[in-house]
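Secondary and tertiary structure notes
Below, each chain spelled out in residue letters.
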Amino acid sequence: DSGVTQTPKHLITATGQRVTLRCSPRSGDLSVYWYQQSLDQGLQFLIQYYNGEERAKGNILERFSAQQFPDLHSELNLSSLELGDSALYFCASSDLTSGGASTQYFGPGTRLTVL
Amino acid sequence: DQQVKQNSPSLSVQEGRISILNCDYTNSMFDYFLWYKKYPAEGPTFLISISSIKDKNEDGRFTVFLNKSAKHLSLHIVPSQPGDSAVYFCAASAGNQFYFGTGTSLTVIP
C-alpha cells in the first residue's frame, strides 16, 4: 500500500460527458502528479501540483483540468469525453518539489471507460 | 515524441538467472532515472533510481546501470525470482517532469 488513494476505482461513462477523478496523496506529501496510461502506452505525464499550485504541465488536453485543494487532495476533471480518453489514470505523490530528487508513490489508478 | 523508449515489450527468464531490462532515452537534459515495477490492477511501485552523476546503483538483487554517452539505462535483476514477474517501467526526469517508457513485461519461469 503506497498510501496514495484514488477514487473511483472504475468509471464508465458516455462520450460528451464530464467526470472527476479524485486523489489523496500520502500523508505529508505536497506534490501530486497525474498520469494517463492508454492501452499499450507508457505513462503519459499530465500535470503536477505542489501545495496547491500548478508546477509542471505535460501532455494534458485543454478538455482536462486539475486542481489541488488546501487539504492537498487533488481532482482531475475530464470534460467532453471522447472514446480515446478511455485509459487508466494514475495519481502519484512525492514529498519534494524537485522532480529529479524525489520518488513518486503511485495510487492504484482509476480505470475510465468511455462508451 | 517518445523521449524514453523500452524496445522490448516482453522478456522471459528462468528462475535464478539474470534478467536485463533495457531503456533508451533521447533528452540529454535528463538528470534522474528511475525504475518502477507494476503488477496487474495496481499502481507502479518505485524500485530503484540513479542520478546522472553516477553510472551504477545497487540495491539488493537490483542494479541499475547508466551509460550517459549512449543514453542507455539498464536494470539487472540477479537472481530472478518468480515474484519478479511484472511490468517494469523506466522513467527519466528533467526538472519537475517525468517521462516514462512503455514498459517491459518480465516473466520469470520457475
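Provided above is the structure to which this section pertains.
The rules we used
Residues numbered from 1 in each chain as written. Chains lettered and ligands numbered in written order. Predicted model: local features only at pLDDT ≥ 70, side-chain atom pairs only at ≥ 80, totals over all residues. Heavy atoms only, no water. Pairing = 2+ DSSP bridges. Helix = DSSP H or I, 4+ residues; strand = E, 2+ residues; numbered from the N terminus. Axes fitted to C-alpha atoms, helices over the stretch in contact; angles between N-to-C directions. 1 Å grid on protein atoms, 1.4 Å probe; cavity = no way out; pocket = protein on both sides within 12 Å on 5 of 7 lines; lining within 4 Å. Points joined across faces, edges and corners; volume = space filled by probe spheres on them. Nonpolar A, V, L, I, M, F, W, Y, C, P; charged D, E, K, R; others polar. Contact = heavy atoms within 4.5 Å. Buried area = accessible area lost by both parts, 1.4 Å probe. Salt bridge = Lys/Arg side-chain N within 4 Å of Asp/Glu carboxyl O. Disulfide = S-S within 2.5 Å. Buried < 20%, exposed > 50% of the residue type's maximum accessible area, 1.4 Å probe, protein only.

**Some thoughts on the sheet that holds strand 7 (residues 64-68) of chain A**
In sheet architecture, strand pairing relies on hydrogen bonds along the backbone and comes in two forms, parallel and antiparallel. Residues and elements named next belong to chain A. Spatial ordering of the open sheet is given by 1-3-8-7, a layout of four strands whose pairing is antiparallel. Taken across any chain shown, the strands that pair with only one partner, and hence form the sheet edges, are strand 1 (5-7) and strand 7. Looking at each pair of strands side by side, their axes are set apart by 15 degrees on average, direction ignored. Both strand 1 and strand 3 (residues 19-24) contribute to a ladder of three bridges, which runs antiparallel. When the sheet's bridge partners are listed, Thr5 is paired in strand 3 with Ser24.

**Some details on the layout of surface pockets**
The volume enclosed by the largest pocket comes to roughly 570 Å³. As for the largest pocket, its lining consists of 28 residues, of which Gln37, Ser38, Leu88 and Arg111 of chain A together with Lys38 of chain B are closest to the centre. A per-class count over the lining of the largest pocket returns twelve nonpolar, eleven polar and five charged. Reported here for the second largest pocket is a volume of approximately 250 Å³. Around the second largest pocket sit 14 residues that line it, and Asp1, Ser2 and Phe106 of chain A together with Gly43 and Thr45 of chain B are the ones nearest its centre. Mapped by element, the contributors of at least two residues to the lining of the second largest pocket are strand 10 (105-106) of chain A together with strand 5 (45-51) of chain B.

**Quick notes on the interface of chain A and chain B**
Contact residues are listed per partner, giving 27 residues for chain A and 20 residues for chain B. Both faces considered, chain A and chain B share a buried interface measuring about 1,600 Å² in area, 55% of it formed by carbon and sulfur atoms. In this structure, the connection of chain A to chain B is made through zero salt bridges. Elements supplying a minimum of two residues to the side of chain A that touches chain B: strand 4 (31-37), strand 5 (43-50) and strand 6 (53-57) of chain A. When residues of the side of chain A that touches chain B are assigned to their parent elements, the largest contribution, four residues, is made by strand 5 of chain A. Residue composition of the side of chain A that touches chain B, grouped by class: nine nonpolar, 14 polar and four charged.

**Some thoughts on the environment of Tyr35 of chain A**
Within the secondary structure layout, Tyr35 of chain A lies in strand 4. Once the C-alpha coordinates of Tyr35 of chain A and Val19 of chain A are considered, the two residues, 16 residues apart in sequence, prove to be 16 Å apart. Among all residues touching Tyr35 of chain A, those that are not within four sequence positions of it are Leu43, Gln44, Phe45, Leu46, Leu88, Tyr89, Phe90, Ala92, Gln104 and Phe106 of chain A together with Phe98 and Phe100 of chain B.

**Thoughts on the state of the cysteines**
Following the criterion strictly, the structure yields two disulfides over all chains and no others. In this model, Cys23 of chain A is linked to Cys91 of chain A through a disulfide, with the two sulfur atoms separated by 1.7 Å. The sign of the S-S torsion, about -50 degrees, decides the handedness of the disulfide formed by Cys23 of chain A and Cys91 of chain A: left-handed. Here the residue Cys23 of chain A occupies a position in strand 3, and Cys91 of chain A occupies one in strand 9 (residues 87-94), the gap between them amounting to 68 residues. With its sulfur 1.9 Å from that of its partner, Cys23 of chain B forms a disulfide with Cys90 of chain B. Note on the Cys23 of chain B and Cys90 of chain B pair: the S-S dihedral is about 60 degrees, so by sign convention the disulfide is right-handed. With a gap of 67 residues between them, Cys23 of chain B in strand 3 (residues 19-25) and Cys90 of chain B in strand 9 (residues 86-94) connect regions that are remote in the sequence. The burial state of Cys23 of chain B is the same as that of Cys90 of chain B; both residues are buried.

By themselves, these figures tell us nothing about what the structure is for.
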